[in-house]
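Results of the structural survey
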Amino acid sequence: MKTILLVCSAGMSTSLLVTKMEAAAKELGEETKIFALPFSDAPRVLEEVDCILLGPQVRFQKTAIEKLAASRKAGPIPVDVIDMRDYGTMNGKAVLAKALKMLG
């Protein structure tokens, strides 16, 4: 199972994106766990996730998240920012595809 964390500021719109990504994963037959947390809560779940995607509104936190992700006990994990257009249109398929590509 692939575990994907979406980092956001408050979580309202990101929770809708999680739902759309879960539907896309189901269509593809991908076993995933996708959830969203505010930036302040991300450090407590680092050991549980396989990749991190930041909402465009918190892209300025990318360096800080990359440092945390690099220091993870289980090894570094990939971090990237969700495309603003995909986020704005709640394109769960495109955001899931980006996460799966990050995971190889």
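The structure presented is a predicted model; accordingly, all values stated were derived computationally and were not measured. (Residues numbered from 1 in each chain as written. Predicted model: local features only at pLDDT ≥ 70, side-chain atom pairs only at ≥ 80, totals over all residues. Heavy atoms only, no water.)

Okay, the sheet that holds strand β4 (residues 79-81) next. An order of β2-β1-β3-β4 is seen for the 4 strands of this open sheet, with the pairing classed as parallel. Edge positions in the sheet fall to β2 (32-38) and β4, since each has one partner strand and no second. Pairwise comparison of adjacent strand axes, ignoring direction, gives a mean angle of 25° for this sheet. Examined bridge by bridge, strand β1 (residues 2-8) and strand β3 (residues 51-54) share 4 bridges and lie parallel to one another. Note that in β3 the partner of Leu-6 across the bridge is Leu-53. Packed on one face of the sheet, helix α2 (residues 62-70) meets β1, β3 and β4 and runs near 160° to β4. Contacts from helix α4 (residues 92-102) reach β1, β2, β3 and β4 within the one sheet, and its direction differs from that of β3 by about 140°. (Pairing = 2+ DSSP bridges. Helix = DSSP H or I, 4+ residues; strand = E, 2+ residues; numbered from the N terminus. Axes fitted to C-alpha atoms, helices over the stretch in contact; angles between N-to-C directions. Contact = heavy atoms within 4.5 Å.)

The final tally for this structure, using the stated rule, is 0 aromatic pairs. The aromatic ring of Phe-35 is capped on one face by Lys-33, whose charged end is 5.4 Å from the ring centroid. (Phe/Tyr/Trp six-rings, centres within 6.5 Å; stacked < 30°, edge-to-face > 60°. Lys NZ or Arg CZ within 6 Å of the ring centre and 35° of its normal.)

Moving on, we come to α4. Within the sequence span of α4, burial applies to Gly-92, Val-95, Leu-96, Ala-99 and Leu-100. End-on view of α4: buried residues confined to an arc of 140°, all on one side of the axis. Opposite the packed face of α4, turned more than 90 degrees from it, sit the exposed residues Lys-93 and Lys-101. (Buried < 20%, exposed > 50% of the residue type's maximum accessible area, 1.4 Å probe, protein only. Arc of directions from axis to C-beta.)

Throughout the structure, instances matching the rule amount to 4 salt bridges. A salt bridge links Glu-66 to Lys-62; the shortest N-O distance between them is 3.5 Å. Taken as a pair, Glu-66 and Lys-62 lie in helix α2 at a separation of 4 residues, close to a single helical turn. We classify Glu-66 as partly exposed; its relative accessible area is 33%. The exposure class assigned to Lys-62 is partly exposed, which follows from its relative accessible area of 25%. Where Asp-80 meets Lys-98, a salt bridge forms, and the shortest distance between an N and an O atom there is 3.5 Å. In this pair, Asp-80 is assigned in strand β4 and Lys-98 in helix α4, connecting sequence segments 18 residues apart. (Salt bridge = Lys/Arg side-chain N within 4 Å of Asp/Glu carboxyl O.)

We now examine unusual backbone geometry. Most peptide bonds take the trans form, and the phi angle of most residues other than glycine is negative. In this structure, Met-90 takes a positive phi of about 55° despite not being glycine. Note on placement: Met-90 falls in the loop between α3 (84-88) and α4.

So, on to the UniProt feature "modified residue: Phosphocysteine" (unreviewed entry) in the protein. In the UniProt entry, the feature "modified residue: Phosphocysteine" (unreviewed entry) is given for Cys-8. By secondary structure assignment, the location of Cys-8 is in strand β1. Residue contacts for Cys-8: discarding those within four places in its chain leaves Thr-14, Ala-36, Leu-37, Pro-38, Phe-39, Gln-57 and Val-58. (UniProt positions renumbered as here; feature names shortened; annotations may be inferred.)

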